[in-house]
Amino acid sequence: MNILVIGSGGREHAIIRSLKKSARVDKIYCAPGNGGISMDAECYPVSATDIEGMCALAKKLSPDLVFVAPDDPLALGMVDAMEANGFRAFGPSKSAARIEASKVFSKNLMKKYDIPTAEYETFTSASEAAAYIESKNEFPIVIKADGLALGKGVIIAQDLDEAKSAISSIMEDKIFGQSGSSIVVEQFLTGPEVSVLSFTDGKTVCPMVSSMDHKPAYDGNKGPNTGGMGTISPNPHYSDEIAQRCMDEIFLPTIKAMAAEGAPFKGCLYFGLMITKDGPKVIEYNCRFGDPETQVVLPRLKTDFVDIIDAIIDE
Ligand code: AMP
Ligand code: GLY
């Protein structure tokens, strides 16, 4: 098989190296790729979010599989576009990618299907959000932009002033662009965080080994959240008992919920979890392999990666 991988980070490089271990793989292309990736794949300078350009490249290369790795092209419907052009593509549809692309969508999904997560309210008005936080008067409080924000769209406010300035920078100054037209205000949870990447064909779910990424910038964790700066696997906080609870209370219910909403999720679904004193809760979903978690999880995969991808696409 020849495979086209879309993306350009360490995650995509790890994906390509895993694909290369398969005896079924002949040639790997990557767009746009990077200098390191060019040692393992033939790179083409097409932007990951350029759907038209990427479909034109696919027509030129005729890959047997297109692997869409980053969140932005998934949220824009890259998989739907590739399928419409007759290509086999790995990744969720635009509709299923909403589980990451809209926090309002994912929080409402969890509420509707009783999946444990932090209590929350959603707002489209800055003044209503501020009034709610003032009346609730519980700090810290967590404020999240609705849309994609490179993993930085979450602000933990320690008091009312910080909360007000967070709301105004997200909703009025639009520091995360259109991502901040709606916000989620949610309860601050504490406990160790666990990342679980899982394979799912929309009906069954098969978790990979656990991992943990490190998010805050600067020494002593004093900086703002990043998308992730370092990672380890397995996660020392993820016991067999917690794993079973996650399967029963979170993983399977989420897969069933997406199917029930008419948006079955096919691909890699990332569960960002916090192990609270009341049990595991969902902090976020990602509609893709995590970065940098993939770099420590995929090298541990023993099954042929291409066989898994085929099983997912063919359900
Ligand atoms: P997210 O992008 O939703 O994963 O949030 C980024 C990071 O913000 C998480 O990994 C947590 O460290 C922190 N965070 C998000 N939501 C909460 C919450 N409700 N309580 C405490 N920390 C949170
Ligand atoms: N490391 C978390 C993410 O991929 O967004």
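Not measured: the values here are computed from a predicted model.

Undergrad: Lay out the overall build of the chain in plain terms, naming residues and giving numbers.
TA: A count of helical and extended segments in the chain gives eleven helices and 15 strands. Relative to its length of 315 residues, the chain is compact, with a C-alpha radius of gyration of 19 Å against a globular reference of 20 Å. Based on the C-alpha atoms only, the size of the chain along its principal axes is roughly 60 × 45 × 45 Å. Taken over 315 residues, the chain has a buried fraction of 53%.

Undergrad: Pulling in residues and values, what's your account of the site of ligand 1?
TA: Residues in close proximity to ligand 1 total 16 residues, the closest being Glu186, Gln187, Leu189, Glu193 and Lys215. A distance of 3.1 Å separates an oxygen atom of ligand 1 from a polar side-chain atom of Lys103. Within the side chain of Glu284, an N or O atom sits 3.0 Å from an oxygen atom of ligand 1. Contact with the protein chains removes 94% of the 470 Å² of surface that ligand 1 exposes when unbound. Looking at the shell around ligand 1, the elements that each hand over two or more residues are strand 7 (141-145), strand 8 (154-157), strand 9 (183-187) and strand 15 (279-286).

Undergrad: Explain the sheet that holds strand 15 residue by residue, including any values.
TA: In spatial order, the strands read 11-10-14-15; together these four strands make up an open sheet with antiparallel pairing. The two strands at the open ends of the sheet, each matched to only one other strand, are strand 11 (205-207) and strand 15. The average angle at which neighbouring strand axes cross in this sheet is 35°, direction not considered. Direction of pairing for strand 14 (residues 267-276) relative to strand 15: antiparallel, over a ladder of seven bridges. Considered in strand 15, the bridge of Thr276 is made with Gly279.

Undergrad: Go over the state of the cysteines, please, and point to the residues and values.
TA: One pass over the structure, following the stated rule, counts zero disulfides. With no disulfide partner, Cys30 has as its closest neighbouring cysteine sulfur the one in Cys43, 5.0 Å distant. Sulfur of Cys268: no disulfide; nearest cysteine sulfur belongs to Cys287 and is 9.3 Å away.

Undergrad: Give a description of the site of ligand 2 that names residues and reports values.
TA: Taken together, Asp213, Lys215, Gly227, Tyr270, Asn286, Arg288, Gly290, Asp291, Pro292 and Glu293 make up the full set of residues adjacent to ligand 2. In this structure, an oxygen atom belonging to ligand 2 sits 2.9 Å away from a main-chain N or O atom of Asp291. In this structure, Glu293 approaches ligand 2 through a side-chain N or O atom, which is 2.9 Å from a nitrogen atom. When the free accessible area of ligand 2 is taken as 200 Å², the share hidden by the protein chains comes to 94%.

Undergrad: How would you summarise the sheet that holds strand 4 (residues 65-68) if you had to cite specific residues and measurements?
TA: The strand order across the open sheet built from five strands is 3-2-1-4-5, with neighbouring strands paired in parallel fashion. In this open sheet, the two edge strands, each paired with only one partner strand, are strand 3 (42-43) and strand 5 (89-90). Relative to strand 2 (residues 27-32), strand 1 (residues 2-7) runs parallel, the two sharing six bridges. Note that in strand 2 the partner of Gly7 across the bridge is Pro32. Sitting on the sheet, helix 2 (residues 51-61) touches strand 1 and strand 2, and the angle it makes with strand 1 is about 165°.

Undergrad: With reference to specific residues and values, describe the packing of helix 5 (residues 94-101) against helix 6 (residues 103-112).
TA: Relative orientation of the contacting elements helix 5 and helix 6 amounts to 90°, with a least axis distance of 6 Å. With respect to helix 6, the element helix 5 is oriented roughly perpendicular. Counted together, Arg98, Ile99 and Ala101 of helix 5 and Lys103, Phe105, Ser106 and Leu109 of helix 6 form the full contact between these two elements. The class makeup of the residues in the contact of helix 5 with helix 6 is four nonpolar, one polar and two charged.

Undergrad: Report on the pairing of strand 14, specifying residues and quantitative values.
TA: Burial of strand 14 is extensive: ten of the ten residues sit out of reach of the surface. Pairing between strand 10 (residues 193-200) and strand 14: eight bridges, direction antiparallel. The residue bridging Phe199 from the neighbouring strand is Cys268, located in strand 14. Here strand 14 hands over to strand 15 after two residues, the two strands then running antiparallel side by side.

Undergrad: Give me the packing of aromatic side chains: which residues, what numbers.
TA: The tally for this structure, following the rule as stated, stands at ten aromatic pairs. Both rings, one in Phe199 and one in Phe305, keep their centres 6.2 Å apart while their planes meet at 55°; by these two values the pair is tilted. Within this pair, whereas Phe199 is found in strand 10, its partner Phe305 is found in helix 11 (residues 305-313), the two being separated by 106 residues in sequence. Connected via pairs of aromatic rings, a cluster forms that spans Phe67, Phe90, Phe199, Phe289 and Phe305. The ring of Tyr120 is capped by Lys111, whose NZ or CZ atom sits 4.6 Å from the centre of that ring.

Undergrad: Would you mind going over the environment of Ala56 in detail, with residue names and values included?
TA: Secondary-structure assignment places Ala56 in helix 2. Owing to a relative accessible area of 45%, Ala56 belongs among the partly exposed residues under this scheme. For Ala56 and Ala311, which are 255 residues apart along the polypeptide, the C-alpha to C-alpha distance reads 27 Å.

What counts and how
- Residues numbered from 1 in each chain as written.
- Chains lettered and ligands numbered in written order.
- Predicted model: local features only at pLDDT ≥ 70, side-chain atom pairs only at ≥ 80, totals over all residues.
- Heavy atoms only, no water.
- Helix = DSSP H or I, 4+ residues; strand = E, 2+ residues; numbered from the N terminus.
- Rg over C-alpha atoms; globule rule 2.2 N^0.38 Å.
- Buried < 20%, exposed > 50% of the residue type's maximum accessible area, 1.4 Å probe, protein only.
- Near = heavy atom within 4 Å.
- Polar contact = N/O pair within 3.5 Å; in protein donor to acceptor, adjacent residues only side chain to side chain.
- Areas by Shrake-Rupley, 256 points an atom, 1.4 Å probe, with all protein chains shown as cover.
- Pairing = 2+ DSSP bridges.
- Axes fitted to C-alpha atoms, helices over the stretch in contact; angles between N-to-C directions.
- Disulfide = S-S within 2.5 Å.
- Contact = heavy atoms within 4.5 Å.
- Parallel < 35°, antiparallel > 145°, perpendicular 65-115°, else oblique.
- Nonpolar A, V, L, I, M, F, W, Y, C, P; charged D, E, K, R; others polar.
- Phe/Tyr/Trp six-rings, centres within 6.5 Å; stacked < 30°, edge-to-face > 60°.
- Lys NZ or Arg CZ within 6 Å of the ring centre and 35° of its normal.

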